[in-house]
Structures are given as C-alpha cells and as structure tokens.
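Now for the letters of each chain:
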Amino acid sequence: MSDKGRYVIIGAGAIGVTVGGRLVQHGVPVVAVARGAHADAIESDGLLLRTPDGDHRVHPEVWRFVSRDPICVPVAAPAD
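Chemist: What's the story with the overall build of the protein chain in this structure? I'm lost.
Modeler: Scanning the protein chain from N- to C-terminus turns up two helices and five strands. For the protein chain, with 80 residues in total, the buried portion stands at 29%. Restricting to contacts in the protein chain with at least 6 residues of sequence separation, those with at least 24 account for 53%. Approximately 5,800 Å² of the protein chain is accessible, and the part contributed by carbon and sulfur atoms is 57%.

Structure follows, in structure tokens:
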C-alpha cells in the first residue's frame, strides 16, 4: 500500500465518486463501495471525470454491498 493511505468511499454516489476519482487520478488508492448496476458500471467502465483540463477515465477498486446495509466502525491506528 502507498504511504498516502487508502480512502474508502462508502456509498459511491455523485459526490463520492467525483472526490474519489480525483484522488485516483493523482495516484491515491481509493475503494468505491457500491451495489448492483452501479458497482457493475464502475468495475467495467471506470469513472469518467470531465474537468476543465479534459476528460479523464480512472478505475478505482470496487467493493460491493450485498443484501444488507453495512455497519461502519471507525478505527484509528497509532502513528508510526
């Protein structure tokens, strides 16, 4: 894993994938958590970011929600 850490976008909607996509564009590892057809589309086509600098397609890692909504527990690790 990168020394930049990894970001997990829970519920990869319009805002989450935009922020996550820009992070991926700049080399930061990102996981997009999505379900169903949305997860399928991100996995197969990636994300298309349309910016003033041009269009950029990025491919974050995808984790899938299954039949239940997740329970998220924040965990902090001590600094090295």
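Chemist: For this particular structure, what's the right way to read the pairing of strand β3 (residues 47–51)?
Modeler: Across the two faces of β3 the burial differs, with Leu47, Leu49 and Thr51 buried and Leu48 and Arg50 not buried at all. As defined by bridge partners, β3 adjoins strand β4 (residues 54–58) across five bridges and the pair is classed as antiparallel. The partner of Leu49 across the bridge, within β4, is His56. In textbook terms, the turn of a hairpin is the stretch between consecutive antiparallel strands, and for β3 and β4 this stretch comprises two residues.

Chemist: Which parts of the structure should I look at to understand a nonpolar patch on the surface?
Modeler: On the surface, a nonpolar cluster with roughly 250 Å² of combined accessible area is contributed by Val8, Ile10 and Trp63. Tracing the backbone through its elements, the reader meets Trp63 in strand β5 (residues 61–64).

Chemist: Help me understand empty space enclosed by the protein, please; the structure alone is not making it clear to me.
Modeler: A water-sized probe, rolled over the atoms, reveals where empty space remains. Taken as a whole and judged by the stated rule, the model has one cavity of 30 Å³ or more. Put simply, the largest cavity is a space of about 30 Å³. Forming the walls of the largest cavity are Ile9, Ala12, Gly16, Val17, Gly20, Val30, Ala32, Leu47 and Pro60. For the lining of the largest cavity, the secondary-structure elements that each account for two or more residues are α1 (14–25) and β2 (30–34). In terms of residue count, α1 provides more of the lining of the largest cavity than any other element does, three residues in total.

What counts and how
- Residues numbered from 1 in each chain as written.
- Predicted model: local features only at pLDDT ≥ 70, side-chain atom pairs only at ≥ 80, totals over all residues.
- Heavy atoms only, no water.
- Helix = DSSP H or I, 4+ residues; strand = E, 2+ residues; numbered from the N terminus.
- Buried < 20%, exposed > 50% of the residue type's maximum accessible area, 1.4 Å probe, protein only.
- Contact = heavy atoms within 4.5 Å.
- Areas by Shrake-Rupley, 256 points an atom, 1.4 Å probe, with all protein chains shown as cover.
- Pairing = 2+ DSSP bridges.
- Patch = residues over 30% accessible without salt bridge, like charges linked within 9 Å, V, L, I, M, F, W, Y side chains within 5 Å.
- Salt bridge = Lys/Arg side-chain N within 4 Å of Asp/Glu carboxyl O.
- 1 Å grid on protein atoms, 1.4 Å probe; cavity = no way out; pocket = protein on both sides within 12 Å on 5 of 7 lines; lining within 4 Å.
- Points joined across faces, edges and corners; volume = space filled by probe spheres on them.

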